[in-house]
Amino acid sequence: MAELTELVSVLKAAGEGTRVRLLALLADGDHSVKDLTEILGQSQPRVSRHLKLLADAGLVRRNAEGAWAYYGLMQQGDGAELAQWLIARLDDNDTDRRCDIARQSAVRAQQQAQASEYFATVASSWDLLKTLQVPEEAVEAAVLAALGGRKVDTLIDLGTGTGRMLELLAGSYTRGIGLDSSREMLAVARARLVSSGIGHAQVRLGDIGDLDVSMGPAEVIVIHQVLHYFDDPGRMLAQARRLLAPGGDMLIVDFAPHELEFLRSEHAHRRLGLSRAQMSNWAEAAGLTVQAVAEFPSENSERGLTVCLWRLSDKIKTEQN
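Here is what the cut-offs are and how they apply
- Residues numbered from 1 in each chain as written.
- Predicted model: local features only at pLDDT ≥ 70, side-chain atom pairs only at ≥ 80, totals over all residues.
- Heavy atoms only, no water.
- Helix = DSSP H or I, 4+ residues; strand = E, 2+ residues; numbered from the N terminus.
- Buried < 20%, exposed > 50% of the residue type's maximum accessible area, 1.4 Å probe, protein only.
- Contact = heavy atoms within 4.5 Å.
- Areas by Shrake-Rupley, 256 points an atom, 1.4 Å probe, with all protein chains shown as cover.
- Core = buried A, V, L, I, M, F, W, Y, C linked by side-chain atoms within 4.5 Å.
- Salt bridge = Lys/Arg side-chain N within 4 Å of Asp/Glu carboxyl O.

A. Layout of the overall build of the chain. When its secondary structure is counted, the chain shows 14 helices and 10 strands. Residues classed as buried in the chain amount to 51% of the 321 residues present. Within the chain, contacts between residues at least 6 apart in sequence are counted, and of these 69% link residues at least 24 apart. For the chain, the computed accessible surface area is about 14800 Å², with 51% contributed by carbon and sulfur atoms.

B. The nonpolar core, seen in detail. Grouped together as the largest cluster of nonpolar side chains are 32 residues, with contacts concentrated most on Leu-158, Ile-221, Ile-223, Leu-237, Met-250, Met-279 and Leu-312. Of all the secondary-structure elements, those providing two or more residues to this core are β4 (152-158), β5 (173-180), β7 (218-224), α11 (233-241), β8 (244-255), α13 (276-285) and β10 (306-314). Non-local contacts of Ile-223, meaning those with residues more than four positions away in its chain, are made with Leu-158, Leu-237, Ala-240, Met-250, Leu-251, Ile-252 and Val-253. Core analysis: the next-biggest nonpolar cluster, separate from the first, contains 29 residues, Val-152, Leu-155, Leu-168 and Ile-198 among them.

C. View of the pattern of salt bridges. Inspection of the entire model under this criterion finds 12 salt bridges. In this structure, the salt-bridge partner of Lys-52 is Asp-56, at a minimum N-O distance of 2.8 Å. Of this pair, Lys-52 and Asp-56 are both found in helix α4 (residues 44-56), four residues apart, which corresponds to roughly one turn of the helix. Judged by relative accessible area, Lys-52 falls into the exposed class, the value being 51%. A salt bridge links Arg-311 to Asp-249, with the shortest nitrogen-to-oxygen separation between them at 4.0 Å. Placement of the pair is Arg-311 in strand β10 and Asp-249 in strand β8, with a sequence separation of 62 residues. The class of Arg-311 is partly exposed, set by a relative accessible area of 23%. Each of Glu-140, Arg-164, Glu-167 and Arg-192 takes part in a single network of salt bridges with overlapping partners.

D. Layout of the environment of Ala-24. Mapped onto the elements, Ala-24 comes out in helix α2 (residues 17-26). Separated by 60 residues in sequence, Ala-24 and Gln-84 have C-alpha atoms that sit 8.8 Å apart. Filtering out sequence-adjacent residues up to four positions away, Ala-24 remains in contact with Ile-87, Leu-90 and Arg-97.

So yeah, pure geometry; function would need other evidence.
Structure, rendered in structure tokens:
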């Protein structure tokens, strides 16, 4: 239980109109300060001041990534409980709330359009870009090893891109499904599957941030170099969890935290890597457990990137073991 002075401090922080609006927006996923200024139509200093008060009171958490910072609701503690209590009592038909929801949707749509535009320009050379940044052979060998030689009925590759994971893991599934929002990427993926003689996999156009659960369930879900394109990877992970069969596994490949701002400005990255602590928290919130983590330092000393492979398991499977 919180002490009286602490409780009063939390109540004071939450007791202001803009700050309640911020809590409601962050309940729907992480946002950068830039996003929130656009949504609320307020200045950056003012929004930053409100966020600092909320963070100091334990209502929201801050994660700095290079020149940017992302905010989200606290997941545990008295502040988290109070924030959820307040949000549950908001009326979505309130004028300000309706405007915030509409602007939030517009901001996210714009971000996804920017990413799609980028993908369209680099679809034919996407695999080359990746090999310039990370030790791809070592990562792919680890992905194969993570499945332990078993063959599953259904494997889903979210953000399949050029279809490389479907090709790599072709011997590990009876039915493979790749999903991507870029038609250009899917054209490359289809050509790859045909040239490799892989007839038991298909790729589909779709929004990996708003998944159709009828695709599942899948015993294995692969998310390869995708989460850093999302402002809120935890939300994406929770979406993917809905497709996972009971006792299933997720294999996630992504960058460890770094400070290469050009990847954000020039290559549509939203997050500058994902930390072990972040992945653990997102997994816990999605009903998953981190079973193993492997790191692969970059062979390019100038870029200095490290790639991580996480294996997440359904908690049902973990508890049975």
